[in-house]
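Geometric and topological summary
Chain by chain, the residues:
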Amino acid sequence: MLPVRAILLLNADGFMTRWQSAAVREAERTGLSVSGVLLAASPNRRQVEGRNLGYYALAKAARFRNPWTKSEPLDEALAASVPVLNLTCGVERAWDVLTPEALEFCAGHDVVIKFGLGLLRIPDELPVSHGIVSYHHGDPRRYRGRPAGFHEMSNHESVMGVVVQRLNNILDGGEILAEATSPVYPYSYRRTLTDAYRSGIPLLAMTVRNLSAGRQIEAESVGKKHTLPSNSAVLKVAASQVLASASRLVYGAVRRKAWQVGRLETPLDLAHGDITVSSVDIRRWSTPKPYAFLADPCGEDSEGVFCEAMLPTGKGSIVRLAGDCLRQVEFGQSGAHFSYPQIVHGGSSSYLFPEVASHNSPSLYAVDPDTLVVSHRQPLKGLECERVLDGTLFEHHGRWYLFGQRAEEPASIVRLWHSNAILDTWEEHPCSPIVIDPRRARMAGPILTQNGENYRLAQDSAHGYGSALTVNRIELMSADSYAEKPLGRLSINDFKGPHTLTSSSHGGYWLDLYRDEWSLLAGVSRFRGRIRGS
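Residues numbered from 1 in each chain as written. Predicted model: local features only at pLDDT ≥ 70, side-chain atom pairs only at ≥ 80, totals over all residues. Heavy atoms only, no water.

Structural notes on the overall build of the chain
Looking only at helices and strands, the chain has nine helices and 36 strands in total. What you see for the chain is a C-alpha radius of gyration of 25 Å, in line with the 24 Å of a compact globule of 534 residues. Taken over the C-alpha atoms alone, the chain extends approximately 75 × 50 × 45 Å along its principal axes. Taking all 534 residues of the chain together, 54% fall into the buried category. Relative to all contacts within the chain whose residues are 6 or more apart in sequence, the contacts with residues 24 or more apart total 61%. Taking the average place of the 57 positive charges on the side chains of the chain and the average place of its 56 negative ones, the gap between the two points comes to 8 Å. (Helix = DSSP H or I, 4+ residues; strand = E, 2+ residues; numbered from the N terminus. Rg over C-alpha atoms; globule rule 2.2 N^0.38 Å. Buried < 20%, exposed > 50% of the residue type's maximum accessible area, 1.4 Å probe, protein only. Contact = heavy atoms within 4.5 Å. Lys, Arg positive; Asp, Glu negative; His and termini not counted. Charge placed at Lys NZ, Arg CZ, Asp CG, Glu CD.)

In structure tokens, the structure reads:
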């Protein structure tokens, strides 16, 4: 792919926020070349009206000491050799207008990336091949205008959109070049905004790829134009946040998720769409002491199924459940957290592949099947600096793929790595991230094959952790391409879950599920877990 030569359009002070700088850096790794910067001053001055003072206070609180909205000087994000043009825009009512000098500065480049100014009038003759692109934190099919995330919270949405658009002269009505979905947290406007900014970081790199390939996302219509909320609307949202925060604190203090592992004997048609499993068809295992719960049944051998068993210390261990007998895998690492144990077969060897993001890079473990003692750890080459949550390996047409979430990124982002062989060098796939959507991102078990089709199961985290999973059919997967289609939601009546599901070689499926239970020690246990984990 040829480099995409870009001009950055910033405010006159030359600052970028941390999330904007991170977006540029990731896009530069996928072909973006910043070859000029416009520092533009706007004669337009937004008037602060008394009816909107409540929102300005809320927004200031959301930005206070928030590292992702902190401003960074231009010279920290870009090479000092990049040419810079300072200018003052023209004015056309509420819209800023680029000067002829600015247009001449942009001539010959591929795209202008707008991080500054407000409303910008797009000239009829723009001397860049792909126009001016800009972020909008909201789904323009429903939420145009401003402010980001507020109206979604006010309307009790579970998610909000983030897009990169090619601008035209309709407010937030341009062609969508890349899009993401981010969770809405009813108890925190600050966290809602922060996750939206962070979830949108990869979109600029995705935009570069789509511009090079001539791709865009069809949007049938544009939504209602929203404006700054009144003080009374802000008070309603603030009161709702207080109630949601109080409910969350009460839950944390006296409620717990009583996870169990279960076995479903009835068949599932993964291509069917939404699926509701009857809980009476699931045989559930009780959790033996000293463990707090069993979850993540991800891998099976001839003796039983491997799953996570939570210790009283708040650290996960890996156990093999065979009938009513439970034995723990001995890793030789005291105090380390292990979860999500997949069994993989590479060449003539079999390995245990658990999640070890809290203390190691993705690694294969050789385990004696009789003693369950680990004899060797083999880190995946090329991923020594990665910390991957719920990493899931899959071999397809002689090539290996690793699905997972970077531990430092929001739960709405799932990435993909690939390799010629399981013990060969791994690198990030050119289509990574493959999904940015909390309803179908984080992995929920091994890739399942049914009737010749491959299905990726993902946790639906937009409606509460572990509430259900989403079934995605993989449409295309190769060294340079990936595509999938969400088919529906899989849930369990009378329970929440599953958040992990895998097929059994004996027929049926292993899964996990839970109910919320009262526990006067729930808060104490959570506090101890955090102290020991820090």
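What to know about the sheet that holds strand β18 (residues 293-300)
Read across the open sheet, the four strands follow the order β18-β19-β20-β21; overall the sheet is antiparallel. A strand with exactly one partner marks an edge of an open sheet, and here the two such strands are β18 and β21 (325-328). Averaged over all neighbouring strand pairs, the angle between strand axes comes to 35 degrees, with direction disregarded. (Pairing = 2+ DSSP bridges. Axes fitted to C-alpha atoms, helices over the stretch in contact; angles between N-to-C directions.)

Topic: the pattern of salt bridges
Counted under the stated rule, the structure contains 22 salt bridges. The closest approach of N and O atoms between Glu-175 and Arg-166, which form a salt bridge, is 2.5 Å. You can call Glu-175 partly exposed: its relative accessible area is 34%. Taking the shortest distance from any N to any O, the salt bridge between Glu-484 and Arg-456 comes out at 2.8 Å. In this pair, Glu-484 sits in strand β34 (residues 482-492) while Arg-456 sits in strand β32 (residues 453-459), placing the two residues 28 residues apart along the sequence. With respect to burial, Glu-484 and Arg-456 carry one shared label: buried. A network of salt bridges, in which partner residues are shared, links Glu-26, Glu-386, Arg-406, Glu-409, Arg-415 and Glu-428. (Salt bridge = Lys/Arg side-chain N within 4 Å of Asp/Glu carboxyl O.)

Structural notes on helix α7 (residues 203-213)
In terms of residue burial, α7 counts as a mostly covered element, since nine of its 11 residues are buried. Listed as buried for α7 are Leu-203, Leu-204, Ala-205, Met-206, Thr-207, Val-208, Arg-209, Asn-210 and Leu-211. Directly after α7, the chain includes Gly-214, whose backbone phi takes a positive value near 70 degrees.

Some remarks on the nonpolar core
If you look at the biggest cluster of nonpolar residues, it comprises 53 residues, and the most contacted ones within it are Leu-8, Leu-32 and Phe-115. The biggest single contributor to this core is α7, with six residues. Ignoring anything within four residues of it in the chain, the contact list for Phe-115 reads Leu-8, Leu-9, Leu-10, Met-16, Trp-19, Gln-20, Val-24, Tyr-135 and Leu-204. Counting 20 residues, the second-largest nonpolar core is a separate cluster that includes Leu-268, Leu-270, Val-277 and Ala-444. (Core = buried A, V, L, I, M, F, W, Y, C linked by side-chain atoms within 4.5 Å.)

Let's talk about the pairing of strand β20 (residues 316-322)
Here β20 lies mainly inside the structure; six of its seven residues are buried. In terms of strand pairing, strand β19 (residues 305-310) meets β20 through six bridges, oriented antiparallel. Note that in β20 the partner of Met-310 across the bridge is Gly-316. Connecting β19 to the next strand, β20, in antiparallel fashion are five residues, including Gly-314 with a positive phi near 85 degrees. Hairpin remark: β20 followed by β21, antiparallel, with two residues in the connecting loop; positive phi at Gly-323, about 65 degrees.

Brief notes about the packing of helix α1 (residues 18-28) against α7
With their axes 7 Å apart at the nearest point, α1 and α7 run at an angle of 40 degrees to one another. Compared by their axis directions, α1 and α7 come out oblique. Two packed elements cross with a definite hand, and for α1 against α7 that hand is right-handed. Across the interface between the two elements, Ala-23, Val-24, Glu-26 and Ala-27 from α1 touch Leu-204, Ala-205 and Val-208 from α7. Considered class by class, the residues forming the contact of α1 with α7 number six nonpolar, no polar and one charged. (Parallel < 35°, antiparallel > 145°, perpendicular 65-115°, else oblique. Left-handed = near helix turned anticlockwise from the far one by under 90°. Nonpolar A, V, L, I, M, F, W, Y, C, P; charged D, E, K, R; others polar.)

Purely spatial values, then, with no claim about function.
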